[in-house]
Amino acid sequence: MNTVTVPANYKPTEKEPYMNPVMLEYFRHRLQHWKQDIVKEADEMLHELQHEGGLQEPDIADRASVETEVALELRARDRQRKLISKIDEALDRINRGEYGYCEETGEPIGVKRLEARPVATLSVEAQERHERKERTQRDERE
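Just so we're clear, the structure is a prediction, and the values are computed from it rather than from any experiment. (Residues numbered from 1 in each chain as written. Predicted model: local features only at pLDDT ≥ 70, side-chain atom pairs only at ≥ 80, totals over all residues. Heavy atoms only, no water.)

Draft legend 1. Fine view of the overall build of the protein. Within the protein, the secondary structure is distributed over four helices and zero strands. Listed N to C, the secondary structure of the protein is α-α-α-α in terms of helices and strands. Burial statistics for the protein: of 142 residues in total, 29% are counted as buried. The long-range fraction of contacts in the protein, counting pairs at least 24 apart against all pairs at least 6 apart in sequence, stands at 52%. Taking the average location of the 24 positive side-chain charges in the protein and that of its 31 negative ones, the two points are 5 Å from each other. (Helix = DSSP H or I, 4+ residues; strand = E, 2+ residues; numbered from the N terminus. Buried < 20%, exposed > 50% of the residue type's maximum accessible area, 1.4 Å probe, protein only. Contact = heavy atoms within 4.5 Å. Lys, Arg positive; Asp, Glu negative; His and termini not counted. Charge placed at Lys NZ, Arg CZ, Asp CG, Glu CD.)

Draft legend 2. Quick look at the packing of aromatic side chains. Taken as a whole and assessed by the stated rule, the structure comprises four aromatic pairs. Residues Y26 and F27 carry aromatic rings whose centres are separated by 5.1 Å and whose planes lie at 75° to one another, so their mutual orientation is edge-to-face. Residues Y26 and F27 agree in their burial class; the two are buried. Each ring, one from F27 and one from Y99, has its centre 5.5 Å from the other, and the planes form 50°; the classification is tilted. Placement of F27 in helix α1 (residues 21-52) and of Y99 in the loop between α2 (60-96) and α3 (111-116) is noted, with a sequence separation of 72 residues between them. For F27, a relative accessible area of 0% translates into the label buried. Owing to a relative accessible area of 0%, Y99 belongs among the buried residues under this scheme. Through a chain of ring-to-ring contacts, the aromatic side chains of Y10, Y26, F27 and Y99 assemble into a single cluster. (Phe/Tyr/Trp six-rings, centres within 6.5 Å; stacked < 30°, edge-to-face > 60°.)

Draft legend 3. Seen up close, a negative patch on the surface. There is a patch of like negative charges on the surface, built from D37, E41, D43, E44 and E48. Within the fold, D37 resides in helix α1. (Patch = residues over 30% accessible without salt bridge, like charges linked within 9 Å, V, L, I, M, F, W, Y side chains within 5 Å. Areas by Shrake-Rupley, 256 points an atom, 1.4 Å probe, with all protein chains shown as cover. Salt bridge = Lys/Arg side-chain N within 4 Å of Asp/Glu carboxyl O.)

Draft legend 4. The arrangement of unusual backbone geometry in detail. Non-glycine residue N9 carries a positive phi angle of around 65°. Relative to the helices and strands, N9 resides in the segment before α1.

Draft legend 5. Structural context of a positive patch on the surface. A contiguous patch of positive charge, built from R132, R135, R138 and R141, is present on the exposed surface. In this structure, R135 sits in helix α4 (residues 124-141). The partly exposed category is assigned to R135, whose relative accessible area is 40%.

Draft legend 6. Expanded view of the pattern of salt bridges. Evaluated as defined, the whole model comprises seven salt bridges. Measuring nitrogen to oxygen at the nearest pair gives 2.6 Å for the salt bridge that ties D88 to K35. Placement of D88 in helix α2 and of K35 in helix α1 is noted, with a sequence separation of 53 residues between them. Exposure remark for K35: the relative accessible area of 26% places this residue in the partly exposed category.

Shape descriptors only; they carry no functional weight alone.
As structure tokens, then:
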């Protein structure tokens, strides 16, 4: 197993060697905790949905309100499921030694971007190119 210890209050910086063992372990812990929080929140949401019983509301407006809430919760749960998948992919990239590098260019994604979005797979420049290409394709279809 991993023997690298992350010091208390550690924050990765641009000054240290990129994706050194401590930095990688920091991001591994961060991703694992994020995933645990999402799973816990999803379990609580599921528990609430199962015990709400609002779908038996006699008033049609109350029932419609509860059904809308349930639909929103289910959509949120689907987004959480997709995010968990991205977190798992990021953890796999850490294990393969590919984490923190752009899938498109192989260049470092950067500490600041990974702090903001630990599941990022593209550098800022590659992400901007990707978004411009999507906009152009969307505009051509319209």
